[in-house]
Amino acid sequence: MAFIEVENLTVSYGDTIAINDISFTLEPGVIGLIGPNGAGKTTLIRTFLGFIRPVKGKIIISGFTLPQEILKVRAIVGHMPEREVVSPKVTAVSFLVYCGRLVGMSYVDALERSHEVLNYVGLQEARYRPMQTYSTGMLQRVKLAQAILHDPKILILDEPTNGLDPDGRLEMLQLIKEIAEQRGVTTILSTHLLPDVQNLCSQIVVLKKGKLVFSGDLQLLIDSRVNHYEVSVQPPIEPFKEELVKMGIKFQELPQDILCLQLPEGIEQKEIFHCAQRAGTMVRSFMPAGGSLAELFQSKLEK
């Protein structure tokens, strides 16, 4: 059984369908949850946490079925929300002790654990100051600290680098990487910053307008663009396309008469030029198709 299994999930707000009949499975690791605004990312997170009940479908997380076993799921999940959750006049230590008490820790255990995680995220003496004196980066660290306070098996991070300067962003990403790799915590990273996803994640889920665009291994998606080339030729283009078909070369038509080709194994790049020669035309441009996550993400959304 997969670590996370979603089957035929539909979630709505009244008459508005926010997630429309999606299914996917995920294994332990760092998972990127990406999509434009309104794609359904936050709705999916809220459904995982049991804040929203689906209209239909099934969710299984670490062997627990939602919504029937939501309390067991919440016990193993840490959530770092995008919005601020701290109290301005309370110290970080007091806030985390309160969070620890909410999950059933004794006062002594909550206090000890609070100091451990605040040390881990890099809040030293500042932990005793009111949080209204904190910078954005420090507030983000407090949110991360409360998410890992109860030593969860799953960590859900919603825009964890939001508002951080470049140094703060790198430090936050390093913390996330350490938590995932050294502590073995399966991490779901919801973010608009695709370079962060490409650097940290082994799997991704791509949503668009509540529908699933792609889910699975990130490296396989990137490798799928190997032997893909963007080619343009002098008009007419139709004879050239006919020659490609004869060679068994698949292609997709892009704007401005550009063809995205996929060369089968065993066919060399020079065969493209031979096809153009037989078609009575000339190749004007020939370059590898983009393989970055940003370009792949855009191409997925345009389909």
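Definitions and limits used
Residues numbered from 1 in each chain as written. Predicted model: local features only at pLDDT ≥ 70, side-chain atom pairs only at ≥ 80, totals over all residues. Heavy atoms only, no water. Disulfide = S-S within 2.5 Å. Pairing = 2+ DSSP bridges. Helix = DSSP H or I, 4+ residues; strand = E, 2+ residues; numbered from the N terminus. Axes fitted to C-alpha atoms, helices over the stretch in contact; angles between N-to-C directions. Phe/Tyr/Trp six-rings, centres within 6.5 Å; stacked < 30°, edge-to-face > 60°. Buried < 20%, exposed > 50% of the residue type's maximum accessible area, 1.4 Å probe, protein only. Lys NZ or Arg CZ within 6 Å of the ring centre and 35° of its normal. 1 Å grid on protein atoms, 1.4 Å probe; cavity = no way out; pocket = protein on both sides within 12 Å on 5 of 7 lines; lining within 4 Å. Points joined across faces, edges and corners; volume = space filled by probe spheres on them. Nonpolar A, V, L, I, M, F, W, Y, C, P; charged D, E, K, R; others polar. Arc of directions from axis to C-beta. Contact = heavy atoms within 4.5 Å. Parallel < 35°, antiparallel > 145°, perpendicular 65-115°, else oblique. Left-handed = near helix turned anticlockwise from the far one by under 90°.

Peer 1: Go over the state of the cysteines with me, naming the residues and quoting the values.
Peer 2: Under the criterion given, the structure shown has zero disulfides. Just so you know, Cys-260 is unpaired, no disulfide at all, and the nearest cysteine sulfur is the one on Cys-275, 16 Å from it.

Peer 1: Tell me about the sheet that holds strand 10 (residues 211-217), residues and numbers included.
Peer 2: Strands sit in the order 6-7-8-3-9-10 across an open sheet of six strands; the sheet is mixed. The open sheet has two free edges, formed respectively by strand 6 (77-80) and strand 10, since each of these has just one partner strand. Each strand axis lies, on average, 15° off the axis of its neighbour in the sheet, ignoring direction. Sheet topology places strand 3 (residues 30-34) next to strand 8 (residues 186-190); four bridges connect them, and they run parallel. Note on strand 8: the bridge partner recorded for Gly-32 is Leu-189.

Peer 1: Before we move on, can you summarise the packing of aromatic side chains with the specific residues and values?
Peer 2: The final tally for this structure, using the stated rule, is two aromatic pairs. Each ring, one from Tyr-229 and one from Phe-286, has its centre 5.0 Å from the other, and the planes form 15°; the classification is stacked. One end of the pair, Tyr-229, is in strand 11 (residues 228-233); the other, Phe-286, is in strand 14 (residues 283-288), with 57 residues separating them in the sequence. Note on Tyr-229: relative accessible area 10%, which makes it buried. Taken together, a centroid distance of 5.4 Å and an interplanar angle of 50° make the contact between Phe-273 and Phe-286 tilted. With Phe-273 in helix 10 (residues 270-278) and Phe-286 in strand 14, this pair connects stretches of sequence that are 13 residues apart. Here Phe-273 falls in the partly exposed class, since its relative accessible area comes to 40%. Feature note: the residues Tyr-229, Phe-273 and Phe-286 constitute an aromatic cluster, connected by ring pairs. Note that Arg-183 overlies the ring of Tyr-120, its terminal NZ or CZ placed 4.2 Å from the centroid.

Peer 1: Can you tell me about the layout of surface pockets, naming the residues and giving the values?
Peer 2: Here the largest pocket is characterised by a volume of approximately 760 Å³. Contributing to the lining of the largest pocket are 24 residues, with Leu-49, Phe-51, His-79, Pro-81 and Gln-146 lying nearest its centre. When contributions to the lining of the largest pocket are tallied by element, the ones reaching two or more residues are helix 1 (41-48), helix 2 (70-76), strand 6 and helix 3 (92-102). In terms of residue count, the dominant contributor to the lining of the largest pocket is helix 3 (five residues). Of the residues in the lining of the largest pocket, the class split is 13 nonpolar, six polar and five charged.

Peer 1: Before we move on, could you go through the pairing of strand 9 (residues 203-208) and cite the residues and values that matter?
Peer 2: Both faces of the sheet carry side chains from a regular strand, because those side chains alternate between them. Buried residues dominate strand 9, accounting for five of its six residues. Summarising the sheet, strand 3 and strand 9 pair through four bridges and their orientation is parallel. Following the sheet pairing, Gly-32 is matched in strand 9 by Ile-204. Note that strand 9 and strand 10 share six bridges and pair antiparallel.

Peer 1: Explain the environment of Pro-239 residue by residue, including any values.
Peer 2: With respect to the secondary-structure elements, Pro-239 resides in helix 9 (residues 238-247). Judged by relative accessible area, Pro-239 falls into the partly exposed class, the value being 27%. Residues Pro-239 and Ala-18 lie 221 residues apart in sequence; the distance between their C-alpha atoms is 45 Å.

Peer 1: So, helix 10: which residues are in play, and what are the values?
Peer 2: Turning to helix 10, its buried residues are Ile-272, Cys-275 and Ala-276. On an axial view of helix 10, the arc spanned by its buried residues comes to 100°, and they lie on one face. Where helix 10 is buried, its residues contact strand 11, helix 9, strand 13 (258-262) and strand 14. Downstream of helix 10 by a residue or two, Gly-280 has a phi angle that is positive, lying close to 75°.

Peer 1: Requested: an account of the packing of helix 9 against helix 10, with residues and values cited.
Peer 2: At a minimum axis distance of 8 Å, the contact between helix 9 and helix 10 shows a crossing angle of 130°. Taken together, the axes of helix 9 and helix 10 lie oblique to each other. Of the two possible hands of crossing, helix 9 and helix 10 adopt the one that is right-handed. In this structure, helix 9 uses Phe-240, Glu-243, Leu-244 and Met-247 to contact helix 10, whose residues at the interface are Glu-271, Ile-272, Cys-275, Ala-276 and Arg-278.

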